Amino acid sequence: MQIITPGMRLIPEAVLANDAALFRTIPETPSHADKSLHRVVIVGGGAGGLELATRLGRKFGNRRLSVTLVDRNRTHIWKPLLHEVASGALSASHDAVEYIAHASRHGYRYRIGEVVGIDRAKRQVFVAPSFDDDGRQVIPPRVLGYDTLVMAVGSVSNDFGTPGAARHAISLDTAEQAVRFNKRMIDACLRANAQYEQLSPGQLHCVIVGAGATGVELAAELHKSMREIASHNLDNIDFERLIRITIVEAGPRILPALPEQMASATARLLIKLGVQIRCGIRVTEVTEDGIRLGDKLFVPAELVVWAAGIKAPDFLKSLDGLETDRINRLIVDRTLRAVGDDNVFAIGDCAHCLLPGEENALPPRAQTAHQQADHVAKVIAARLAGHAEPAYRYRDYGSLVSLADYGAFGSLIGGLKIEGLVARLLYRSLHKMHLKAVHGLAKTTLASIGEMIVRRARPRIKLH
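Computed from a prediction, not measured in an experiment: that's the story for all the values here.

J.: What's the story with the overall build of the protein chain in this structure? I'm lost.
T.: If you tally the helices and strands in the protein chain, you get 13 helices and 29 strands. Its C-alpha atoms put the protein chain at 70 × 55 × 45 Å along the principal axes. Taken across its 464 residues, the protein chain has 52% of its residues classed as buried. Considering only contacts within the protein chain whose residues lie at least 6 apart along the sequence, 66% involve residues at least 24 apart. Of the roughly 22,000 Å² of accessible surface on the protein chain, 53% is carried by carbon and sulfur atoms. Taken as two groups, the 58 positive and 49 negative side-chain charges of the protein chain have centres that lie 5 Å from each other.

J.: Honestly, unusual backbone geometry in this entry has me stumped. Any pointers?
T.: Peptide bonds are mostly trans, and most non-glycine residues show a negative phi. For Arg123, which is not glycine, the phi torsion reads 55 degrees and is therefore positive. Tracing the backbone shows Arg123 in the loop between strand E9 (115-119) and strand E10 (124-127). Positive phi, normally seen in glycine, also occurs at Leu255, with a value near 50 degrees. With respect to the element layout, Leu255 can be found in the loop between strand E17 (244-249) and helix H10 (260-273). A relative accessible area of 1% places Leu255 in the buried class.

J.: For this particular structure, what's the right way to read the pairing of strand E22 (residues 303-306)?
T.: The side chains of a regular strand alternate, first on one face of the sheet and then on the other. Neither face of E22 is exposed, since Leu303 and Val305 on one face and Val304 and Trp306 on the opposite face are all buried. Here four bridges tie strand E16 (residues 205-209) to E22, and the two strands are oriented parallel to one another. Within the sheet, the bridge partner assigned to Ile208 lies in E22 and is Val305.

J.: How do you make sense of the pairing of strand E4 (residues 38-43) when you look at a structure like this?
T.: By the bridge criterion, six bridges tie E4 to strand E5 (residues 65-71) in an arrangement that is parallel. Its bridge partner being in E5, Arg39 is matched across the sheet by Ser66. After leaving E4, the chain enters helix H3 (residues 47-60) and then returns to the sheet as E5, a path that is right-handed. Sheet topology note: the E4/strand E14 (residues 148-151) ladder contains four bridges and is parallel. Bridge pairing in E14 links Val40 to Thr148.

J.: For this particular structure, what's the right way to read the sheet that holds strand E29 (residues 417-419)?
T.: Backbone-to-backbone hydrogen bonds pair the strands of a sheet. The strands run either parallel or antiparallel. Taken in spatial order, the three strands line up as E27-E28-E29 in an open sheet, and their pairing is antiparallel. The open sheet is flanked by strand E27 (398-403) and E29, the only strands paired with a single partner. When the angles between neighbouring strand axes are averaged without regard to direction, this sheet yields 10 degrees. As paired elements, strand E28 (residues 407-412) and E29 share three bridges and run antiparallel to each other. Pairing of Gly410 across the sheet is with Ile418, part of E29.

J.: What is the right way to look at the nonpolar core in this model?
T.: Soluble globular proteins tend to bury their nonpolar side chains together. Counting 56 residues, the largest nonpolar core has Ile42, Leu52, Leu56, Val125, Leu149 and Met151 as its most contacted members. At six residues, helix H11 (residues 366-385) tops the list of elements feeding residues into this core. Leave out the neighbours within four places in its chain, and Ile42 touches Gly49, Leu52, Ala53, Leu56, Val67, Thr68, Leu69, Val70 and Val150. In this structure, Leu81, Leu90, Ile170 and Leu269 belong to the second largest nonpolar core, which totals 51 residues.

J.: What am I meant to see in the packing of aromatic side chains here?
T.: Here a ring pair, both rings aromatic, is described through the centre-centre distance and the interplanar angle of the planes. Per the stated rule, a full pass over the model turns up two aromatic pairs. When the ring of Phe23 is compared with that of Phe126, the centres are 4.6 Å apart and the planes differ by 10 degrees; the resulting orientation is stacked. In this pair, Phe23 is assigned in helix H2 (residues 20-24) and Phe126 in strand E10, connecting sequence segments 103 residues apart. Judged on exposure class, the residue Phe23 and its partner Phe126 are both buried. A centroid spacing of 5.1 Å and a plane angle of 25 degrees characterise the contact between Tyr99 and Tyr110, whose relative ring orientation is stacked. Note that Tyr99 is positioned in helix H5 (residues 99-106) and Tyr110 in strand E8 (residues 109-112), a separation of 11 residues in sequence. Accessibility classification places Tyr99 together with Tyr110 in one group, the buried group.

J.: Looking at this model, I keep getting lost on the sheet that holds strand E18 (residues 276-279). Mind explaining?
T.: With parallel pairing, four strands are arranged side by side in an open sheet as E18-E17-E16-E22. Of all the strands in the sheet, the pair left with one neighbour each is E18 and E22. The sheet shows a mean angle of 15 degrees between the axes of neighbouring strands, direction not considered. With five bridges joining them, E16 and E17 adopt parallel strand pairing.

J.: Help me understand the pattern of salt bridges in this model?
T.: Oppositely charged side chains are able to pair whenever their charged atoms sit close together. Counted under the stated rule, the structure contains 23 salt bridges. Note that Arg39 is salt-bridged to Glu28, the shortest N-O span being 3.1 Å. Here Arg39 is found in strand E4, whereas its partner Glu28 is found in strand E3 (residues 28-29), with 11 residues between them in sequence. Note on Glu28: relative accessible area 35%, which makes it partly exposed. A salt bridge links Arg227 to Glu240; its shortest N-O distance comes to 3.2 Å. Here Arg227 is found in helix H8 (residues 213-230), whereas its partner Glu240 is found in helix H9 (residues 239-242), with 13 residues between them in sequence. With a relative accessible area of 18%, Arg227 lands in the buried category. On the basis of relative accessibility, which here comes to 53%, the residue Glu240 falls in the exposed class. Each member of the salt-bridge network shares a partner with another, and the members are Asp333, Arg337, Asp342, Arg383 and Glu389.

J.: Quick question: what am I supposed to make of H8 here?
T.: Note that an α-helix has 3.6 residues per turn; residues three or four places apart therefore point the same way. Relative to the 26 Å expected for 18 residues at 1.5 Å per residue, H8 spans 26 Å between its end C-alpha atoms, a close match to the ideal helical length. With 15 of 18 residues buried, H8 lies mostly within the body of the structure.

About the thresholds
Residues numbered from 1 in each chain as written. Predicted model: local features only at pLDDT ≥ 70, side-chain atom pairs only at ≥ 80, totals over all residues. Heavy atoms only, no water. Helix = DSSP H or I, 4+ residues; strand = E, 2+ residues; numbered from the N terminus. Buried < 20%, exposed > 50% of the residue type's maximum accessible area, 1.4 Å probe, protein only. Contact = heavy atoms within 4.5 Å. Areas by Shrake-Rupley, 256 points an atom, 1.4 Å probe, with all protein chains shown as cover. Lys, Arg positive; Asp, Glu negative; His and termini not counted. Charge placed at Lys NZ, Arg CZ, Asp CG, Glu CD. Pairing = 2+ DSSP bridges. Right-handed = clockwise from strand over helix to strand, strands pointing away. Axes fitted to C-alpha atoms, helices over the stretch in contact; angles between N-to-C directions. Core = buried A, V, L, I, M, F, W, Y, C linked by side-chain atoms within 4.5 Å. Phe/Tyr/Trp six-rings, centres within 6.5 Å; stacked < 30°, edge-to-face > 60°. Salt bridge = Lys/Arg side-chain N within 4 Å of Asp/Glu carboxyl O. Expected span 1.5 Å × (residues − 1).

Here's what the structure looks like:
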């Protein structure tokens, strides 16, 4: 039996079970012809992992370091943009970074595959084989050696074991999931416009479970996108009256991790748009036709998005004895080194980093991953030079929420509140900072200018 995972992967259950015996029979793949180079293996090409590989590759690649990035996907897209891919406001292929091409330009190596385990004693990483959509093996199972290992595998949605959630709700963890939701949304509009019978209960209704930044931003994007789709000659039905978007949050308010004033302003705008907000109630089941709240209440919906929580990938729980928290994150010290191993580090959403004097671990934000990638680059440079490794310091630059074209809100350092155009420009600047770290200033500037020109020739929304 084989388990099918998104994209081009068919991974045998024996590999997923971290069968170390299987990998002990496989010779280690050389990372570089020059065996004297310090080997850095980065697992995960998200915001933190890709930025770290780029920084190290530019500064040390093929000279003092052999830098290898391992990711099961072939392209990277900035995760905070996935809600725009889901709504159709952004094409997944337009903003994607191709790892193979990027690696060759920036001095590191890219290896496709899904890491399923490590051997800390031998300092080896186990990479599962990759298969195409027809089940044919593309890349065999491999063993990669390391001197420094950085885990940057990010996070996935946490459905808390809610019945039916895994089967009937769509998460937005990957570009593939976002594209799949976008297609399902377009099909829902086309179906409703073409059918002869009346709409069934819940048809053209979308429920978003979870009112964090992803949930509320997606709600605004869907409000805009579904009406944009309907405006393209889908005139057999009153979409303005029948499209309904509902946000469900178990906590007492939306945006629980952000300042209350910012959450209140966001809620007022969403309500003005007609988005229904239900707080203080839990989803107890997800079905093909909608969601069940509590014991009795049922909300019919054709589309259900799960954005209610995160956890690190499950395989981290058994990563050769490394200590994890309740949501599988690797526990790290002040240098971002995994507790119990001097050669393993973790950054981004998969790292549980509790700084001195703080009660909670650092939040899973893009700015956290960005700062941690920068810090680990400095740590590795210190290791090469034989210097003491610096302690990590986190600086919270504030929070921003963008609600499509309807508005934006922010809370900056010192509690400064901003909204409107200024907040929207700052929100977009976060993505530009990521692109600058990945591509450099010149290419990011040219790409931004090109985007401004091309945008006028493209449809305002992806319609296929």
